[in-house]
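Here is what each chain is made of, one letter per residue.
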Amino acid sequence: MKGNEAIANAAIRCGADAFFGYPITPQSEIIETLALLKPWETTGMVVVQAESEVSSINMVYGGAGAGKRVLTTSSSPGIALMQEGISYMAGAEIPGVIVNVQRGGPGLGTIQPSQSDYFQATRGGGNGDYNVIVLAPNSVQEMADFVDLAFELAFKYRNPAMILSDGVIGQMMEKVVLPPFKPRRTEEEVRKECPWATMGRTKDREPNILTSLELKPEVMELRNIHLQEKYQTIRDNEVRYEAQQCDDADYIIVSFGSAARIGEKAVELARAEGIKVGLFRPITLWPFPSKEIAAAAKGKKGILVSEINAGQMIQDVKLAVNGALPVEHFGRLGGIVPDPEEIVNVLKDKLMR
Amino acid sequence: MKTEIIISGFGGQGVLSMGKILAYSGLMENKEVTWMPAYGPEQRGGTANVTVIVSDERISSPILSKYDVAIVLNQPSMDKFAPKVKPGGILIYDGYGIMTPTDRKDIHVYRINAMDKAAEMKNSKVFNMIVLGGLLKVAPVVSTDGLNKALFKSLPERHHGLIPLNMQAVEEGMKIIEQTV
Amino acid sequence: MANDIIAPENLVYKKPELMNDTPMHYCPGCSHGVVHKLVAEVIEEMGMSEKVVGVCPVGCAVFAYRYLDIDWQEAAHGRAPAVATAIKRLWPDRLVFTYQGDGDLACIGACETIHALNRGENLTMIFINNAIYGMTGGQMAPTTLIGQKTATCPYGRDPKIHGYPLNITELASHLEGTCYVTRQSVENVGAIRKAKAAIKKAFTASMEGKGSSLVEIVSTCNSGWKLSPVKANQWMEEHMFEKYVKGDLKNTLDE
């Protein structure tokens, strides 16, 4: 199954209430698969092809604001269009899931894989001080598993959550075990889990109003402080990462998503040559595993940050290790995916001379 | 055991679906598999390629620099991937579309006249299955049994009638593949 | 004393229960307050007070959620129809409506407006058309009349420079997804009664699953127009109604 198909299947299985999206390469298989599977006839999940990505994300805003598990998926240029909506969701504390199957940019760019939306995803992306929870799958299996995880985190913290994938993971086929079926929540369950949701005001409560607007700066500052406290709680509790062969390593490759798969092979190749290399893979890109990287880097000779962009995550890695050891970058641009040998060569070239 | 394979040719030659059937056969035999296409407009006439890895263990990168097996079905693919076969590896090419095969001596080179055979069988659509047969003869990555199962599992029922013809094409491919180097 | 005569049987007029006592930010003479009241009355009369979700726009009605005690979502500028689409699809037994001005519905959100209407979403859009941007201080709207002066066309709207007024309601009436498209106003009691009946008809159609409804209310913006409320009403009658002709543009409900 393709990574894109895994997203579609997992969404139905984890009790998603709706998908709103607009086709764009390399992720159109997601909405195509949903259209083929017709979940509205089985689980009752709603699937709508919207008129644009702008509409898709605002449908997510509306549906999730009404307490439902709603997702949208797109690729880089479409995700750029959604940034307004994501910022509004963060401001109004509306949980929803956004999947970005990245392609190269800037602009219309290319349809080939890239990881050049790292900054956009981890720094907020729209206007204002906010963060989106970002999960980076490195396999078709994780594409399937992270849909439910993203929903759980989104609703736990009333915050948008993003799955930051790319054309490699979206288009690749691998073995996958789909998650077990979970029924969609009933009206009573939604009421209980989402007392803030706009689903009709009953007499026993005040009206629920979802808005990101507040004209009084004193009140708006308090709201921002509340958001920042929430983000700190997420940082404290939700960091996820994977470390492979880091203990005995002299060097560490830090990569996420598809680049981490390629990095894993680079570790194999390097170790076959007798170079002790480990791989550190952040799974949550926000919150970023800063402490964990700093700990893993202790006593090592250097870090190579390998990502399919011009050098984005390297900033977070450098902040994490704070000058304790050399940190170099390797990346290919514009839709070119680096191969494992290139990474080993760069490692030798930049860190071992 | 892990076999890293690249299949490359013109869009429309069935490159991606050949890879898919191979990957699916691996799945039927409970192996780890990845299928990674160079996707995009290539699917509509340009050069298409797909990397297929079939392995008994966990697969790391779906994207590779060197291959155990390269199946090249046009000249540009020959030029691009022949240098990327690991020493001692296998290169399979179709004699119809390729005028200048590789001059490498450190790999096993096989020719399969699948285009001619498909014409003989009066069915251009079985071309890729003939090539796949050739592959399984020289590199038995999966069994023909697994392949047969994969076809039944992956094809919609209305196409099941075509499976015997496809399996016949596989057998033909096994017969006609010949080593040149 | 005075309280003695305030008995239910003597009551000839009351504020709808859904309207709270928050002082409105709207300018005296503005049409918004009247339309808010009509919406509240219709919701109550339909018995939908606990089953209604409104979607506010960006513009003067951005704070509509302060005045009607129902659940609300405040949408990004122009996106109310997309937001409402999802709410209605996910809670089909709820009454879902948007409340938007000319900038929100006919300009920045024209795409969302047309597509939600064209999909035949079972929702109602209340469209306040006062031919000017009130909230931001009186700039040109897509519905500003030819020759009309605003802060961004201070010499009057000139089609050569500013293009033509957009008749989005006419446009909506040609979309297959709409069941009821009408243009009303609220400058006198007769008009108010008709406008209320139109809103009720639209809301009822939404609940009966008949498709999308658009209720345009041709409105005044006396502050933006720089006229007294009375003069603004006169100006609307003399100029707006000529371009924005009142009445049903499409009504498949009574057929």
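All values reported here derive from a predicted model rather than from experimental measurement.

Asker: Before we move on, can you summarise the overall build of chain A with the specific residues and values?
Answerer: Looking only at helices and strands, one finds 13 helices and 14 strands in chain A. Whereas a compact globule of 353 residues would reach a radius of gyration of roughly 20 Å, chain A reaches 21 Å, a difference of no more than 12%. Overall, the C-alpha framework of chain A stretches about 70 × 50 × 35 Å when taken along its three principal axes. Scored against the burial criterion, the 353 residues of chain A give a buried share of 63%. For chain A, long-range pairs separated by at least 24 residues make up 78% of all intrachain contacts whose partners lie at least 6 apart in sequence. Total accessible area on chain A stands at roughly 12,700 Å², and carbon and sulfur atoms take up 52% of it. Side chains of chain A give 37 positive and 44 negative charges; the mean places of these two sets differ by 2 Å.

Asker: I'd love a proper account of the domain arrangement of chain A, names of residues and values included.
Answerer: All names here are of chain A. Domain parsing of chain A yields domain 1 (3-187) and domain 2 (241-351). Each of domain 1 and domain 2 has a C-alpha centre, and these two points are 27 Å apart. Each partner contributes residues to the interface: domain 1 has 28 residues there, and domain 2 has 25 residues. Between domain 1 and domain 2 lies a buried interface of about 2,100 Å² when both sides are counted; carbon and sulfur atoms form 54% of it. Per-residue buried area on domain 1 facing domain 2 is highest for Gln115, Tyr118 and Asn138; these three make up 33% of the total on that side. Linking domain 1 to domain 2 there are three salt bridges. Its salt-bridge partner being Arg123, residue Asp316 comes within 2.9 Å of it at the nearest N-O pair. Across the domain 1-domain 2 interface, the total number found is 16 residue pairs in polar contact (both at pLDDT 80 or more). Elements with a minimum of two residues in the side of domain 1 that touches domain 2: helix H5 (118-122), strand S5 (133-135), helix H6 (140-157), strand S6 (160-166) and helix H7 (167-171). Class assignment for the residues of the side of domain 1 that touches domain 2 results in 14 nonpolar, nine polar and five charged.

Asker: I'd love a proper account of the interface of chain A and chain B, names of residues and values included.
Answerer: Between chain A and chain B, the residue contacts involve 24 residues of the former and 25 residues of the latter. The junction of chain A with chain B conceals about 2,000 Å² of combined surface from both sides, 57% of it contributed by carbon and sulfur atoms. Linking chain A with chain B are five salt bridges. With a shortest N-O distance of 3.4 Å, Lys66 of chain B and Glu341 of chain A are connected by a salt bridge. Linking chain A with chain B are eleven residue pairs in polar contact (both at pLDDT 80 or more). Those elements that provide at least two residues to the side of chain A that touches chain B are H7, strand S7 (173-174), helix H10 (257-272) and helix H13 (340-351) of chain A. At five residues, the largest contribution of residues to the side of chain A that touches chain B is made by H10 of chain A. Looking at the side of chain A that touches chain B residue by residue, the class counts come to ten nonpolar, five polar and nine charged.

Asker: Explain the layout of surface pockets to me, using residue names and the numbers behind them.
Answerer: The computed volume of the largest pocket comes to approximately 1,200 Å³. What lines the largest pocket is a set of 41 residues, and nearest its centre among them are Ser17, Lys20, Ile21, Ser154 and Leu155 of chain B. Top element by residues in the lining of the largest pocket is helix H1 (residues 15-28) of chain B. It accounts for six residues. For the lining of the largest pocket, a count of residues per class yields 20 nonpolar, twelve polar and nine charged. Of the voids in this model, the second largest pocket is the one considered here, and its volume is about 580 Å³. Lining the second largest pocket are 25 residues, and of these Val337 of chain A together with Ala38, Asn49, Ile63 and Lys80 of chain B lie nearest its centre. Those elements giving two or more residues to the lining of the second largest pocket turn out to be strand S1 (2-10), strand S2 (32-37), strand S3 (47-55) and helix H2 (75-81) of chain B. Among the elements that line the lining of the second largest pocket, the one with the most residues is S3 of chain B, at three residues. Residue classes in the lining of the second largest pocket are distributed as 13 nonpolar, six polar and six charged. Residues from two domains meet in the lining of the second largest pocket; each of domain 1 (3-187) and domain 2 (241-351) of chain A gives at least three.

Thresholds, definitions, all that
Residues numbered from 1 in each chain as written. Chains lettered and ligands numbered in written order. Predicted model: local features only at pLDDT ≥ 70, side-chain atom pairs only at ≥ 80, totals over all residues. Heavy atoms only, no water. Helix = DSSP H or I, 4+ residues; strand = E, 2+ residues; numbered from the N terminus. Rg over C-alpha atoms; globule rule 2.2 N^0.38 Å. Buried < 20%, exposed > 50% of the residue type's maximum accessible area, 1.4 Å probe, protein only. Contact = heavy atoms within 4.5 Å. Areas by Shrake-Rupley, 256 points an atom, 1.4 Å probe, with all protein chains shown as cover. Lys, Arg positive; Asp, Glu negative; His and termini not counted. Charge placed at Lys NZ, Arg CZ, Asp CG, Glu CD. Domains from an automatic or database assignment. Buried area = accessible area lost by both parts, 1.4 Å probe. Salt bridge = Lys/Arg side-chain N within 4 Å of Asp/Glu carboxyl O. Polar contact = N/O pair within 3.5 Å; in protein donor to acceptor, adjacent residues only side chain to side chain. Nonpolar A, V, L, I, M, F, W, Y, C, P; charged D, E, K, R; others polar. 1 Å grid on protein atoms, 1.4 Å probe; cavity = no way out; pocket = protein on both sides within 12 Å on 5 of 7 lines; lining within 4 Å. Points joined across faces, edges and corners; volume = space filled by probe spheres on them.

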